[in-house]
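# Architecture at a glance
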Amino acid sequence: IASESGYPLLSGQLIEVVAKRGGAAAHLARGMDSWIEGNDTSAKLHFRVADRLEPNALVVVRYAALYLAREGSSAITVFNGQNKSAYQRSFELLDLVDEVDFKQAVPTLWSRCYILSLRSDWTGVIKLLDSRVGEFDGPERKQAYDWLIRAYSGIGDEDKANVYQQAMRNTVKALREQNNER
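Residues numbered from 1 in each chain as written. Predicted model: local features only at pLDDT ≥ 70, side-chain atom pairs only at ≥ 80, totals over all residues. Heavy atoms only, no water.

Secondary structure assignment for the protein chain yields 10 helices and zero strands. In the protein chain, the order of α-helices and β-strands from amino to carboxyl end is α-α-α-α-α-α-α-α-α-α. Buried residues in the protein chain amount to 42% of all 182 residues. Sequence separation of 24 or more characterises 57% of the internal contacts of the protein chain that already satisfy a separation of 6 or more. (Helix = DSSP H or I, 4+ residues; strand = E, 2+ residues; numbered from the N terminus. Buried < 20%, exposed > 50% of the residue type's maximum accessible area, 1.4 Å probe, protein only. Contact = heavy atoms within 4.5 Å.)

Structure, rendered in structure tokens:
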């Protein structure tokens, strides 16, 4: 796990021992402390251990990133230590989640869309999703369409928003038919 982490003693079997005795919550807390201090290497190590202990443990970190983006300057008293905006720091925290737990990639993508929407950065949402919408199936595709409808409406491109609205209707219809067949 930690060959590049700077913690060579915590690699291989030793990390398993530490993980089983420390608890996911302890490693999440230590990971957040490390991240706040600007030590991304240590943060990744602790996040990886937490993820091994409890799958989906990094959902907590995603919510911390959303809190940071939503609360802005008031959250800076909690997430201090760097001369960057809460907006930038929230994206950095999501980057760490993506690096540690690939299973969080899609929920992290939705978190990024939410953060961009807080600033009405609809062009940013479009850049994230427009070329990738075909990668998603079922409910994830519906979610991508929903974000794109909001984004194109947000920039005043109602024609493109209507195209995605129709595509979303077709997806919802297909999902309903699929559920009825079961």
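Let us keep going from here.
Moving on, we get to the pattern of salt bridges. Here the structure, examined in full by the defined rule, presents eight salt bridges. Two residues, Lys44 and Glu99, come together in a salt bridge whose shortest N-O distance is 2.8 Å. One end of the pair, Lys44, is in helix 3 (residues 40-53); the other, Glu99, is in helix 6 (residues 86-100), with 55 residues separating them in the sequence. Given the relative accessible area of 18%, Lys44 is considered buried. Two residues, Lys103 and Asp51, come together in a salt bridge whose shortest N-O distance is 3.9 Å. (Salt bridge = Lys/Arg side-chain N within 4 Å of Asp/Glu carboxyl O.)

Judged by nonpolar contacts, the single largest core of 47 residues is most densely connected at Trp35, Phe47, Val61, Leu93, Val125 and Leu129. Of all the elements in the fold, those that place two or more residues in this core are helix 2 (24-36), helix 3, helix 4 (59-71), helix 6, helix 7 (105-118), helix 8 (122-129), helix 9 (138-154) and helix 10 (158-181). Beyond its immediate stretch of four places on either side in the chain, Val125 contacts Cys113, Leu116, Trp147 and Ala151. (Core = buried A, V, L, I, M, F, W, Y, C linked by side-chain atoms within 4.5 Å.)

What follows is about the packing of helix 2 against helix 4. Viewed as axis vectors pointing N to C, helix 2 and helix 4 meet at an angle of 40°, and their least axial separation amounts to 11 Å. It follows that helix 2 is oblique to helix 4 by the angle criterion. The element helix 2 and its partner helix 4 pack so that their crossing is right-handed. On helix 4, the residues touching Leu28, Met32 and Trp35 of helix 2 are Val60, Val61, Ala64 and Leu68. Classifying every residue of the contact of helix 2 with helix 4 gives seven nonpolar, no polar and no charged. (Axes fitted to C-alpha atoms, helices over the stretch in contact; angles between N-to-C directions. Parallel < 35°, antiparallel > 145°, perpendicular 65-115°, else oblique. Left-handed = near helix turned anticlockwise from the far one by under 90°. Nonpolar A, V, L, I, M, F, W, Y, C, P; charged D, E, K, R; others polar.)

A few words on the packing of aromatic side chains. Within this structure, the stated rule accounts for three aromatic pairs. Ring geometry for Trp110 against Phe136: centres 5.4 Å apart, planes inclined by 40°, an arrangement best described as tilted. On the criterion of sequence distance, the pair formed by Trp110 in helix 7 and Phe136 in the loop between helix 8 and helix 9 is long-range, its members being 26 residues apart. This pair shows no difference in class: Trp110 is buried, exactly as Phe136 is. Here Tyr145 and Tyr164 contribute two aromatic rings whose centre-to-centre distance is 5.7 Å and whose plane-to-plane angle is 40°, an arrangement assigned as tilted. Placement of Tyr145 in helix 9 and of Tyr164 in helix 10 is noted, with a sequence separation of 19 residues between them. (Phe/Tyr/Trp six-rings, centres within 6.5 Å; stacked < 30°, edge-to-face > 60°.)

Tracing the backbone through its elements, the reader meets Ser90 in helix 6. Apart from residues no more than four positions distant in its own chain, Ser90 is found in contact with Ala65, Leu68, Ala69 and Ile115.

Moving on, we get to the packing of helix 4 against helix 6. The packing of two helices is summarised by the inter-axis angle and the distance between the axes. Running from N to C, helix 4 and helix 6 point in directions that differ by 170°, and their axes come no closer than 8 Å. Between helix 4 and helix 6, the angle is such that the two are roughly antiparallel. Residues Val61, Arg62, Ala64, Ala65, Leu68 and Ala69 of helix 4 pack against Ala86, Arg89, Ser90, Leu93, Leu94 and Val97 of helix 6. Here the residues of the contact of helix 4 with helix 6 sort into nine nonpolar, one polar and two charged.

On to the confidence of the model for the protein chain. For the protein chain, per-residue confidence averages 82 on the pLDDT scale, and 81% of positions sit at 70 or higher. Confidence over residues 1-14 falls short of pLDDT 50; this stretch has 18 contacts with residues more than four positions distant or in other chains. (pLDDT = per-residue confidence, 0-100.)

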